[in-house]
Amino acid sequence: MGTPPDTLGDMIEATTTEALAGRPDLKSLTRDELRAWMVEEAGEPAFRGDQVFRWLHARLARGFDGMSDLPQALRVRLGSAARIGGLELEDVRVAGDGTRKLLLRTEDGHRIESVIIPMQDGRLTQCVSSQVGCRIGCDFCYTARMPVRKNLAASEIADQVLRAVEVLGEGERIGNLVYMGMGEPLDNYDQVVRSIRILLDRQGQDFASRRITVSTSGVVSRIADLGRDVPVNLAVSLNASHDVQRSRLIPINKKWDIAQLMAALEAFPLPPRRRITVEYVLLREVNDTPEDARRLIAMLRGLRDRVKVNLIPFNPWPGAPYGRPEPASVDRFGATLRDARFNVTIRYSKGEDIGAACGQLDGEAVAA
Ligand code: SAH
Ligand code: SF4
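Every value quoted in this text rests on a predicted model; they were computed, and no experiment measured them.

**Some thoughts on the site of ligand 2**
In the region of ligand 2, the neighbouring residues are C134, I136, G137, C138, F140, C141, A144, G183, E184 and S217. Its residues placed into classes, the shell around ligand 2 shows six nonpolar, three polar and one charged.

The following block contains the structure:
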């Protein structure tokens, strides 16, 4: 343990920090958990949990003081027994194509990013982060280079959406939510699932489950859990056409190889008319050759009606050991898959000029 505090200031500081750490973050609880907490920990009726949940997640309250339908004495008690986690919005950057990047700060001073992307159909897609940095360490991904690695709390994941709601203009609405920002969602499983339950809740933001997609680099042990726990869409970053290549790009492939990943995709529960998204980042002369396309087709043959393939031309970042293929070779790769009757989309990322594209997120503002 550290040395005892030697000034009054230090002592107050230490007490405050410890007290804060010990207080439960009510914003990270699902509504059911909040109802149970009210009964068991606060000795209040369960409906008070619903009230607090609505204040936090629908009415965007930042403190207990303003929760006007709660008795004053309870508000004071909650203020000393519990806390409200979340994020501060530091900056919003707007790219030439309308993509907005929110720069957010955690209570303990880490920076994270979330991106709002205008889609062709006029809807907005928001890309949320699940961790500060990422432990998976993919060679082509900027987030992996961040020195800090930390799980986000459910309140910090949900708050990316709430902060976004506050910056949207008149008539704008987040249509789709993708867990494709910084971090590996299935490496922070409990908080990610909590955040999804919170965002799906009818008394909160009331997202439709078909509008939420979780992307994983292939944490196979958790894919089945996800399918069982929450009815969201699954995306998998395949990014390679054989095991040696994939293990080089995505180290987790050494733990769960392509065959195990394919088996998990086959077993994943899919509601009617939904598909699993297979993401494939195209790296010039690494995984973009005609042989790669052929191997990919063979690998996915049994899953053709269960998947759609998103081809993502690599987004370069300073010092990246990879390059983006020429458009003609991207098109050729896509055409080969389409000829084999795969559902294929080529996704040129948006917001590149503000460092908001896939794999460019690092928690720092890029000079625009
Ligand atoms: N950790 C999860 C989700 C976040 S990464 C995952 O890996 O799936 C989101 C997507 O961005 C992944 O498909 C990843 O392969 C892709 N990506 C990472 N770096 C990229 C880059 N520099 N250019 C293009 N796509 C990239
Ligand atoms: Fe992590 Fe995904 Fe980046 Fe890999 S691609 S390092 S899993 S965020």
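Next comes the rest of the account.
**Notes on a nonpolar patch on the surface**
Where nonpolar side chains cluster on the molecular surface, the patch consists of L89, V92 and V94 and spans about 210 Å² of accessible area. Along the chain, V94 turns up in strand β1 (residues 88–94).

**Regarding the packing of helix α2 (residues 31–40) against helix α3 (residues 47–57)**
Between α2 and α3, the shortest axis-to-axis distance is 7 Å and the interhelical angle comes to 130 degrees. Taken together, α2 and α3 sit at an angle that is classed as oblique. In terms of crossing hand, the pair formed by α2 and α3 is right-handed. Where α2 abuts α3, its residues R31, L34, R35 and M38 lie against F47, R48, G49, D50, V52 and F53. By residue class, the composition of the contact of α2 with α3 is five nonpolar, one polar and four charged.

**Quick word on the domain arrangement of the chain**
By a widespread convention, an interface's size corresponds to the accessible area lost as its parts come together. The domain boundaries assigned to the chain delineate domain 1 (8–81) and domain 2 (87–354). One C-alpha centre belongs to domain 1, the other to domain 2; they are set 33 Å apart. Each side of the interface is counted separately: domain 1 has 15 residues, and domain 2 has 18 residues. Counting the surface lost from both domain 1 and domain 2, the interface buries some 1400 Å², and carbon and sulfur atoms represent 50% of this. At the junction of domain 1 and domain 2, the tally comes to four salt bridges.

**Some details on the sheet that holds strand β9 (residues 233–237)**
Spatial ordering of the open sheet is given by β1-β2-β3-β4-β7-β8-β9-β10-β11-β12, a layout of ten strands whose pairing is mixed. Edge positions in the sheet fall to β1 and β12 (344–346), since each of these pairs with one other strand and no more. Pairwise comparison of adjacent strand axes, ignoring direction, gives a mean angle of 20 degrees for this sheet. The pairing of strand β8 (residues 212–216) with β9 spans four bridges and is classified as parallel. The partner of T216 across the bridge, within β9, is V236. Here helix α6 (residues 189–200) sits on the sheet in contact with β7 (174–179) and β8, set at roughly 170 degrees to β7.

**Details of the environment of R248**
One can find R248 in helix α8 (residues 243–249). In this structure R248 comes out as exposed when scored by relative accessible area, which is 57%. Note: C-alpha distance between R248 and C138 (110 residues apart in sequence) is 8.4 Å.

Reading the values: the criteria
Residues numbered from 1 in each chain as written. Chains lettered and ligands numbered in written order. Predicted model: local features only at pLDDT ≥ 70, side-chain atom pairs only at ≥ 80, totals over all residues. Heavy atoms only, no water. Near = heavy atom within 4 Å. Nonpolar A, V, L, I, M, F, W, Y, C, P; charged D, E, K, R; others polar. Patch = residues over 30% accessible without salt bridge, like charges linked within 9 Å, V, L, I, M, F, W, Y side chains within 5 Å. Areas by Shrake-Rupley, 256 points an atom, 1.4 Å probe, with all protein chains shown as cover. Salt bridge = Lys/Arg side-chain N within 4 Å of Asp/Glu carboxyl O. Helix = DSSP H or I, 4+ residues; strand = E, 2+ residues; numbered from the N terminus. Axes fitted to C-alpha atoms, helices over the stretch in contact; angles between N-to-C directions. Parallel < 35°, antiparallel > 145°, perpendicular 65-115°, else oblique. Left-handed = near helix turned anticlockwise from the far one by under 90°. Contact = heavy atoms within 4.5 Å. Domains from an automatic or database assignment. Buried area = accessible area lost by both parts, 1.4 Å probe. Pairing = 2+ DSSP bridges. Buried < 20%, exposed > 50% of the residue type's maximum accessible area, 1.4 Å probe, protein only.

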